[in-house]
Amino acid sequence: MNYRHQFHAGNFADVLKHVLLVELVRALQRKEKGFVFLDTHAGRGRYDLAAASAGDSLVRQPEWPEGIGRLWNATGLPEAVTSYLAMVRAHDQSRGSLSGAPRFYPGSPLLVAAMARPVDRLVLCELNAAECDALRAVMAPTRRCEVRRADGYEELAAVLPPLERRALVLIDPPYEVQDEFARAFAAMKEGLRRLAGGVFALWYPLTGRARADDILAALREFAPAPVLAVELNVAAVGAGPRLSGCGLAVVNPPWRFDDAAREAAAVLAPLLAQGPGSGGRVEWVVPPS
Ligand SMILES: C[S@@+](CC[C@H](N)C(=O)[O-])C[C@H]1O[C@@H](n2cnc3c(N)ncnc32)[C@H](O)[C@@H]1O
């Protein structure tokens, strides 16, 4: 396991994923009943963007300037994006960052923790020991939050179905291993078997149209559960950065989440574009019946 999210924190892919994650939580909180948030691949919780350019042995280009950096002073954003941005700003300022640029970026665990009500609960899984230690330290003050150093796919079966009977599951793997998609799909299938109404959000990289179509075809097998795919390309495949696009597939999206996702994608696509061929798309892979 070589992946360190530190180098990618706050990039365009994080922006899309986290905007949609915040919107999913907002949508689930329209009902009073609590839910469990399961982050199968939680990361270290907080990222110091000033350290993001220095690798173990090589200096890397930081990715956040083309992500959260592009949004920092943007105006006229839809509510889904402003809610996310307000949370990132609040977190950054709470860590003492006073410059005109973001410095401390909250990962998925901190974003959801900032929104969690007393009835909601977090279960965070992280397999890498150092990342998990960092996550434990960051989440220590958070109530109703459990950090597990464990394989998130295996924990999914342990956590579901939860007592609350409501769950939001974020599956955000690093795609370092060949069978990552197969494992993620199998985990989601098992999750749906255990909690048919659970909301599952799977992040995936877009590295070629054919591959993307394969992903969408595999997602069709989740029918009858509705599946929405939200995709963002910052450039044509092969033309821009190494990762030129990504998507979030949401199984059982809450009511009207598709509208918010469309609004967000329409604004994020031009803001985050890095070259020709950029664009966003929101598609019902399995429409609601
Ligand atoms: C993309 S990062 C997570 C980012 C985080 N979800 C966020 O949005 O802030 C993926 C993380 O998964 C961890 N990881 C890799 N395989 C795992 C597994 N099978 N179970 C749990 N964590 C794993 C990696 O160490 C890495 O920290």
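These numbers were taken from a predicted model, which means no experiment stands behind them.

What follows is about the overall build of the protein chain. Each helix and strand in the protein chain was counted, giving 9 helices and 10 strands. Expected size for 289 residues packed as a compact globule is a radius of gyration near 19 Å; at 18 Å, the protein chain falls within 12% of this value. Dimensions along the principal axes, computed over C-alpha positions, put the protein chain at roughly 45 × 45 × 40 Å. Taking all 289 residues of the protein chain together, the buried fraction comes to 45%. The long-range fraction of contacts in the protein chain, counting pairs at least 24 apart against all pairs at least 6 apart in sequence, stands at 76%.

On to the pairing of strand S4 (residues 121-125). Extensive coverage of S4 is indicated by the burial of 5 of its 5 residues. Burial along S4 is two-sided: the residues Arg121, Val123 and Cys125 and Leu122 and Leu124 are all buried. Here 4 bridges tie strand S1 (residues 36-39) to S4, and the two strands are oriented parallel to one another. Across the sheet, aspartate 39 pairs through a bridge with leucine 124, a residue of S4. Relative to strand S5 (residues 145-148), S4 runs parallel, the two sharing 4 bridges. By the bridge assignment, valine 123 is partnered in S5 with glutamate 146. The handedness of the S4 to S5 crossover, carried by helix H5 (residues 129-139), is right-handed.

Our next topic: the nonpolar core. Residues Leu16, Val19, Leu168, Val199, Ala201 and Ala249 are the most contacted members of the largest nonpolar core, which totals 86 residues. Broken down by element, this core gets its largest block of residues, 11 residues, from helix H1 (residues 12-28). If sequence neighbours within four positions are ignored, leucine 168 has contacts with Leu24, Val25, Leu28, Phe35, Phe37 and Val199.

Further remarks concern the packing of H1 against helix H3 (residues 79-94). Relative to each other, H1 and H3 sit at 100°, their axes nearing to 9 Å. As the angle between them shows, H1 and H3 are arranged roughly perpendicular. Between H1 and H3, the residues in contact are His18, Val19, Val22, Glu23 and Arg26 and Ala80, Val81, Ser83, Tyr84 and Met87, respectively. Grouping the amino acids of the contact of H1 with H3 by side-chain chemistry returns 6 nonpolar, 2 polar and 2 charged.

What follows deals with helix H6 (residues 152-159). Within H6 the residues assigned to the buried category are Gly152, Tyr153, Leu156 and Val159. Buried residues of H6 fall within an arc of 120° about the axis and therefore sit on the same side. Turned more than 90 degrees away from the buried face of H6 sit Ala157 and Ala158, all of them exposed. In this fold, the buried residues of H6 make contact with S1, S4, strand S6 (167-171) and helix H7 (180-194).

Turning our eyes to something else, we now look at the sheet that holds strand S10 (residues 279-286). Here we have 8 strands laid out as an open sheet, ordered S5-S4-S1-S6-S7-S9-S8-S10, and mixed in their pairing. Among the strands making up the open sheet, the edge pair consists of S5 and S10. Going from strand to strand, the sheet's axes swing by 15° on average, the running direction of each strand aside. Alignment of strand S8 (residues 227-233) against S10, held across 7 bridges, turns out to be antiparallel. Its bridge partner lying in S10, leucine 232 is registered against glycine 280.

Here we take up unusual backbone geometry. Residue leucine 160 is joined to proline 161 through a cis peptide bond whose omega torsion reads -5°. Cis geometry is found at the peptide bond from alanine 223 to proline 224, where omega equals 15°. You can see proline 224 is positioned in the loop between helix H8 (209-220) and S8. For tyrosine 175, which is not a glycine, the phi torsion comes out positive at approximately 55°. Among the secondary structure elements, tyrosine 175 is positioned in the loop between S6 and H7.

Mapped onto the secondary structure, glycine 279 falls in strand S10. With 16 C-beta atoms packed within 10 Å, glycine 279 lands in the partly exposed category. Once the C-alpha coordinates of glycine 279 and alanine 236 are considered, the two residues, 43 residues apart in sequence, prove to be 9.0 Å apart.

By the element assignment, leucine 156 lies in helix H6. C-beta crowding within 10 Å serves as the criterion here: with 25 such atoms nearby, leucine 156 is assigned to the buried category. On a C-alpha basis, the gap between leucine 156 and alanine 187 in space is 7.1 Å, while along the polypeptide they are 31 residues apart. With residues up to four places along the chain from it excluded, the contact list for leucine 156 reads Leu38, Thr40, Val169, Ala187, Glu190 and Gly191.

Conventions and cut-offs
- Residues numbered from 1 in each chain as written.
- Predicted model: local features only at pLDDT ≥ 70, side-chain atom pairs only at ≥ 80, totals over all residues.
- Helix = DSSP H or I, 4+ residues; strand = E, 2+ residues; numbered from the N terminus.
- Rg over C-alpha atoms; globule rule 2.2 N^0.38 Å.
- Buried ≥ 20, exposed ≤ 12 C-beta atoms within 10 Å, placed from the backbone.
- Contact = placed C-beta atoms within 7 Å.
- Pairing = 2+ DSSP bridges.
- Right-handed = clockwise from strand over helix to strand, strands pointing away.
- Core = buried A, V, L, I, M, F, W, Y, C linked by C-beta atoms within 7 Å.
- Axes fitted to C-alpha atoms, helices over the stretch in contact; angles between N-to-C directions.
- Parallel < 35°, antiparallel > 145°, perpendicular 65-115°, else oblique.
- Nonpolar A, V, L, I, M, F, W, Y, C, P; charged D, E, K, R; others polar.
- Arc of directions from axis to C-beta.

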